[in-house]
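Summary of structural features
What follows is the residue order along each chain.
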2 protein chains.
Amino acid sequence: MTSFPRETRLIGLDWGSSSLRAMLIDEQGQVLLTRQSTQGASTLKGGAAAFSAVLDELIGDWHATAPAILACGMVGSQHGWREVPYAACPADASALAAGAVDVDWRGRAVRLLPGLRCDTEAGPPDVMRGEETQVLGALESAPELAARSCIVMPGTHSKWAQVIDGTVRSFATQMTGELFAVMRQHSVLGRLMPADPAHDLLSFAQGVRAARDHGELGLPHQLFAVRTLGLTGRLASEALPDYLSGLLIGHELRAGLRARDADAPLVLLGEPALCQRYAKALDLFGIGPVQVLLNTAAAGLWRIAQVARGVL
Amino acid sequence: MTSFPRETRLIGLDWGSSSLRAMLIDEQGQVLLTRQSTQGASTLKGGAAAFSAVLDELIGDWHATAPAILACGMVGSQHGWREVPYAACPADASALAAGAVDVDWRGRAVRLLPGLRCDTEAGPPDVMRGEETQVLGALESAPELAARSCIVMPGTHSKWAQVIDGTVRSFATQMTGELFAVMRQHSVLGRLMPADPAHDLLSFAQGVRAARDHGELGLPHQLFAVRTLGLTGRLASEALPDYLSGLLIGHELRAGLRARDADAPLVLLGEPALCQRYAKALDLFGIGPVQVLLNTAAAGLWRIAQVARGVL
């Protein structure tokens, strides 16, 4: 049996669609232990029992260790352990803590945090689950961002969050990563691409510049260039995925930078290689160098636990 | 054995990726007989022999009927019967006829027409194969379009062709139809959609207006609304495909209308139901009513045969 440091205060669960990360966090907010699983919320069938069983298997020996268990991410979605209604923007750590819903893990409460919802003037609402906790973690890790910042989280569904006074004021999703995957795997654009292409930063930059300088031609038109540049031999097939990536990230930046508060420092948060790619693209838009933060879910869970001490 | 009218002058082949239409055309350009096959150019393996065999099967009894055989479409592509280099814009019927390449069908020449290539200031070239013949057919069917027109051919890869003085000056492809199919079938957006949705013109219009009024937010962002509108119950799942369709067509129009010559009358050419959808979207952009032309490949092949009488 493992012995745990006495000061363990929080079990944090970062439980997304495709993975789960469990963290033991001490009184100072430091992560003492981390365990990972590929049993993401969208991989589980069988409702509450299935989620509970995953915890038994992954952290059964942690069951009695910490006074509180806090979870963020898709575990609180429609197809998760239990659906937790979205909190509405603007929202801070207290608002998230207040919106949490408990589920039972062998007699212990696991507190599922809500996602965030942003209603916009343009009409359709936007939503996130998990990234709101990352944002609060960023403010914990880099307190100078709390006053005013634009936090960009690249990914399958990139999120651009606008922060003022420790509060997420608004945010917007961009389906950049999913567009890349889907167009590469299932559209005519993928036909000319090799299975395992070389990384080609020049072609990436060429794609970014196409979006930056001629984006008004529209993405549905500019995407076709991935095919014609390959077909006419102007780009090697190995370079086409990076051109596509640059084009899509360029369109994301074009729209995201237009919508953001230009006075707010922009930071990148997420997987380092992908953040470097965004930093390179931002540079081509004349922005940077920008700060890059790693996954801040632990810090976010810790921050929410702090403000909710009475509740937890 | 079929007997053929004596005045048969041309066998026209409209041979695309997924289908083949063979037409017997008389001295006046009228189509006397049509036969169809699903053996499109991209369905055939086995090179020239396979293409020749398709003609044996579909129109073997036409072999001796007409003095000329003219083919347009993907049959002249890299993976077609034989690759015919693209003609360059600006191009008229003579330029297309001059760029044709012969292949042999049991001792007879089948003249494969080139596609068109458009080199643009923005960098990447654009290409079409088959639509150039449709455009020339439109000018044959509606001669008032020859002086100046913008011919929009909606589809998997929509084409916007700018015509001046009987010449295709330039054109642009928009991957609207493929984006719709791929996002619906392979992205998270399709998950909330029923297999066989109702047609919902109100949701279609809502998607068009989102692109028209807020398109600067970017397609990668606006696409996510298809998910959030469904997730939050603001749109019924049956209505989501039409919202997606409207959003994509709206982005196509936004870019296409900005790039076109505003003095050139705009016409739609293609499948009637899809053209009606585009006409509805154009109406929301304040354009119309617009003329709708059906498939004009026969008229285009006839026109090219006329200007190339010496050659054919």
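So, a few notes on the structure that sits alongside this text. (Residues numbered from 1 in each chain as written. Chains lettered and ligands numbered in written order. Predicted model: local features only at pLDDT ≥ 70, side-chain atom pairs only at ≥ 80, totals over all residues. Heavy atoms only, no water.)

Turning next to the overall build of chain A. When helices and strands are tallied, chain A shows 10 helices and 14 strands. Rg of the C-alpha trace for chain A: 21 Å, near the compact-globule value of 20 Å for 312 residues, within the 12% margin. Each principal axis of the C-alpha distribution contributes one length, and for chain A these read about 65 × 40 × 35 Å. Split into buried and exposed, the 312 residues of chain A put 58% on the buried side. When the accessible surface of chain A is split by element, carbon and sulfur atoms take 50% of a total near 12,400 Å². Taking the average location of the 27 positive side-chain charges in chain A and that of its 31 negative ones, the two points are 3 Å from each other. (Helix = DSSP H or I, 4+ residues; strand = E, 2+ residues; numbered from the N terminus. Rg over C-alpha atoms; globule rule 2.2 N^0.38 Å. Buried < 20%, exposed > 50% of the residue type's maximum accessible area, 1.4 Å probe, protein only. Areas by Shrake-Rupley, 256 points an atom, 1.4 Å probe, with all protein chains shown as cover. Lys, Arg positive; Asp, Glu negative; His and termini not counted. Charge placed at Lys NZ, Arg CZ, Asp CG, Glu CD.)

With an axial shift of 0.0 Å and an RMSD of 0.0 Å, the rotation relating chain A to chain B amounts to 180°. As the rotation angle and translation indicate, the two copies are arranged about a two-fold axis. Interface residue correspondence from chain A to chain B reaches 100%, placing this contact among same-surface, isologous pairings. (Least-squares fit on C-alpha atoms with pLDDT ≥ 70 in both. Contact = heavy atoms within 4.5 Å.)

Attention now moves to the packing of aromatic side chains. A full pass over the atoms with the stated rule returns six aromatic pairs over all chains. Taken together, the ring pairs in this structure connect Trp15(A), Phe51(A) and Trp81(A) into an aromatic cluster. The ring of Phe204(A) carries Arg277(A) above its face, with NZ or CZ at 4.8 Å from the centroid. Here the guanidinium or amino end of Arg129(B) rests over the ring plane of Tyr86(B), the centre of that ring lying 4.2 Å away. (Phe/Tyr/Trp six-rings, centres within 6.5 Å; stacked < 30°, edge-to-face > 60°. Lys NZ or Arg CZ within 6 Å of the ring centre and 35° of its normal.)

Right, let's get into the pattern of salt bridges. All names here are of chain B. Enumeration over the complete set of coordinates arrives at 22 salt bridges over all chains. Among the ionic pairs, Arg35 bridges to Asp61, the shortest N-O distance being 2.9 Å. Remark: Asp61 occurs in the loop between helix H1 (47–59) and strand E4 (68–72) and Arg35 occurs in strand E3 (residues 31–37); sequence separation between them is 26 residues. Given a relative accessible area of 24%, Arg35 falls into the partly exposed group. (Salt bridge = Lys/Arg side-chain N within 4 Å of Asp/Glu carboxyl O.)

Let's shift gears to the environment of Arg106(B). Residue and element names in this part refer to chain B. Here Arg106 lies in the loop between strand E6 (101–105) and strand E7 (108–112). According to the relative accessible area criterion, Arg106 is partly exposed, its value standing at 46%. Remark: the alpha-carbon pair of Arg106 and Leu58, spanning 48 residues in sequence, is separated by 14 Å. Residues in contact with Arg106, not counting those within four places in the same chain, are Ser52, Asp56, Gly60 and His63. Here the side chain of Arg106 touches Asp56 through a polar contact of 2.8 Å, side chain to side chain. (Polar contact = N/O pair within 3.5 Å; in protein donor to acceptor, adjacent residues only side chain to side chain.)

With that settled, the discussion passes to the nonpolar core. With 46 residues, the main nonpolar core has Leu189(A), Leu223(A) and Leu223(B) as its most contacted residues. Broken down by secondary-structure element, the contributors of at least two residues to this core are helix H4 (176–186), helix H5 (201–214), helix H7 (224–231) and helix H8 (240–259) of chain A together with helix H4 (176–186), helix H5 (201–214), helix H7 (224–231) and helix H8 (240–259) of chain B. For Leu223(B), the residues in contact, after removing those within four places along its chain, are Met175(A), Leu179(A), Met183(B), Leu189(B), Leu244(B), Leu247(B) and Leu248(B). (Core = buried A, V, L, I, M, F, W, Y, C linked by side-chain atoms within 4.5 Å.)

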